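# Topology and contacts: notes
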Amino acid sequence: MDQQPSPPLGFPCKSCGNRMVYSPGSGALFCPYCKAEEPIPSEEIEAPEYRFDPDSSQADAPMWEEAGDLSFVCPACGAETVQETLSMTVTCPFCGSQYVNETKTNVPVIRPETMIPFSVKKEEAARRYTEYVRRRLFAPRAFKKSAKSDSMQGVYIPYFTFDSDLACDYSGRGGRYRTVSYTVEVNGKKQVRTRTVTDWYPIRGHEERYFDDMPVCASKNADTELLRKIRPFSLKVLHVYNPAYLAGFMAERYSVGLGDGFASVRPQIERDMESYIRTKAGYDTYSGMTYTHHFRRVRFKHILLPVWISSFTYKEKRYPFMVNGETGKVAGRAPVSPLRVLLAGLCFAAFFALVILLIALVNAVDAAALALSAPFSESTALFAETAGLLPAAEEIPKSLSGAFPAGAPVLPL
Ligand SMILES: [Zn+2]
Ligand SMILES: [Zn+2]
């Protein structure tokens, strides 16, 4: 071997001793030097859950010890990543800045118990991005033609999912709409009119429900809008966390803690519960409702989800994008060409004008057909008369002739 590789750090190759990396989709470690493969023992499991007390913010979960030794902080954006890297410089996947990997941190974090390993390879993710950009309607042509990722990095993004039992005491008033009719006199004539009144009833009760797998992104650095767009991930069946899946990849350390994470998902759970209570009560409207929520047995999972992160620099501006490392779904930002927007606007206007024109044309044709239909039905009636199918015009009873609207065909087809 002419190339002298650096000494291995995490997973040495059994054949040549060099450093192996996780190969997406294969479920194995791969040696880039001698091409050896080593399967990663994996089991798909229902992720274990740990208790979390929202009042004290205390959790009973094991700590992620090795994260301390392998953590780096980006001096530009503050993103903390866990990576088993040998290179002296690290490119931050979140802000694109390069830094020397010296700034380690040692704040203890909760260990991820489960994860979804990458199954989309880097080349596949890059190809999907190129396709995605080509489909961008308003992106400038030059951007579409040249778009390729600056440097794509496979990053595991931290998520918490919360489960909780929620009990809720509620009270207020429920209203039912009722229509009442009343009589008014208009110009000396009596008229019946209706209006809607609301009958109010006091309501009070207790409801209990279970909320399952409410996800919260635990990253402050990742572009959450893009993350939302590349969902879903299959959260039900996950792989046991194994550092081998991180070989050659990064994992972001969570920057949103459990307390903040739960606080961000809590209003949504409460809104769901309140709307459930109202739907179940079945009134038409509500007034003065108060709800007291008691969260019980809050459980959480800390999971890592695979995302290819990169950006494309166009006219000195950085356009980030992400590819779902499990499904290959892409979301990205792209410049908007004012010319294309204008053209699209013009096309839309032209289309609109065409539709109006067509409607006018159809109406005109209808009017012409109506004008033609009168002599047509007359001659038909005349023919029918001579053929003896219909009584002669003067013989048609008044009641019957009156039943045909003017211009309508008189033949009983
Ligand atoms: Zn090897
Ligand atoms: Zn950064």
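Everything here concerns the structure above.
So, here's what we can say about the structure. Being a predicted model, the structure only gives us computed values, none of them experimental.

## Comments concerning the overall build of the chain
Within the chain one finds seven helices and 18 strands. The 413 residues of the chain split such that 25% are buried. Across the chain, the fraction of contacts at a sequence separation of at least 24, relative to all contacts at a separation of at least 6, is 71%.

## Considering the sheet that holds strand S1 (residues 21-23)
Strand order across the open sheet formed by three strands is S1-S2-S3, with antiparallel pairing between neighbours. On the outer flanks of this sheet lie S1 and strand S3 (37-39), each paired with one strand and no other. The sheet shows a mean angle of 40 degrees between the axes of neighbouring strands, taken without regard to direction. With three bridges connecting them, strand S2 (residues 28-30) and S3 associate as antiparallel partners. By the bridge assignment, Ala28 is partnered in S3 with Pro39.

## Some points on the pairing of strand S5 (residues 50-53)
For S5 and strand S16 (residues 285-314), the ladder comprises two bridges, and the chain directions are antiparallel. Among the inter-strand pairings, Arg51 is bridged to a residue of S16, identified as Arg299. Looking at chain direction, S5 and strand S6 (residues 58-59) are connected through two bridges and run antiparallel. What sits directly across from Asp53, in S6, is Gln58. Between S5 and S6, which pair antiparallel and follow one another directly, the connecting turn spans four residues, one of which, Ser57, has a positive phi of 60 degrees.

## As for the nonpolar core
The biggest cluster of nonpolar side chains holds 69 residues, and the ones touching the most others in it are Met115, Tyr156, Ile157, Leu305, Val307, Met322 and Val323. Counting residues per element, the ones that place at least two in this core are helix H2 (122-134), strand S12 (153-186), strand S15 (250-252), helix H5 (258-281), S16 and strand S17 (317-324). For this core, the domains that each give at least three residues are domain 1 (1-40) and domain 2 (48-117 + 152-168 + 197-309 + 320-327). For Val323, the contacting residues outside a window of four places in its chain are Val120, Ala125, Arg128, Tyr129, Ile230, Trp308, Gly328 and Val330.

## What about H5?
The end-to-end C-alpha distance of H5, which contains 24 residues, comes to 34 Å, matching closely the 34 Å that a straight helix rising 1.5 Å per residue would cover. Val265 marks the point of greatest bend in H5, at about 30 degrees, and the proline Pro267 comes within the next four residues. For H5, the set of buried residues is Leu258, Gly261, Phe262, Met273 and Ile277. Buried-residue contacts for H5 involve S5, S6, S12, strand S13 (189-217) and S16. Of the residues flanking the end of H5, it is Gly282, one or two places downstream, whose phi is positive at about 75 degrees.

## Quick notes on the environment of Thr91
Its place among the elements puts Thr91 in strand S9 (residues 89-91). Note on Thr91: 16 C-beta atoms within 10 Å, which makes it partly exposed. Considering only alpha carbons, one finds Thr91 and Gln153, 62 residues apart in sequence, at a separation of 8.6 Å. Not counting chain neighbours up to four residues away, the residues in contact with Thr91 comprise Gly96, Gln98, Ser151 and Gln153.

## Some details on H2
For H2, spanning 13 residues, the distance from its first C-alpha to its last is 19 Å, which sits close to the expected 18 Å at 1.5 Å a residue. Looking at H2, one finds that the buried residues are Ala125, Tyr129 and Val133. Taken around the axis of H2, the buried residues stretch over an arc of 75 degrees, which confines them to a single face. Those residues of H2 that are exposed and angled more than 90 degrees off the buried face are Glu123, Glu131 and Arg134.

The rules behind these values
- Residues numbered from 1 in each chain as written.
- Chains lettered and ligands numbered in written order.
- Predicted model: local features only at pLDDT ≥ 70, side-chain atom pairs only at ≥ 80, totals over all residues.
- Helix = DSSP H or I, 4+ residues; strand = E, 2+ residues; numbered from the N terminus.
- Buried ≥ 20, exposed ≤ 12 C-beta atoms within 10 Å, placed from the backbone.
- Contact = placed C-beta atoms within 7 Å.
- Pairing = 2+ DSSP bridges.
- Axes fitted to C-alpha atoms, helices over the stretch in contact; angles between N-to-C directions.
- Core = buried A, V, L, I, M, F, W, Y, C linked by C-beta atoms within 7 Å.
- Domains from an automatic or database assignment.
- Expected span 1.5 Å × (residues − 1).
- Bend = angle between axes of the 7 residues up to and from the residue.
- Arc of directions from axis to C-beta.

Coordinates in, geometry out; function isn't part of it.
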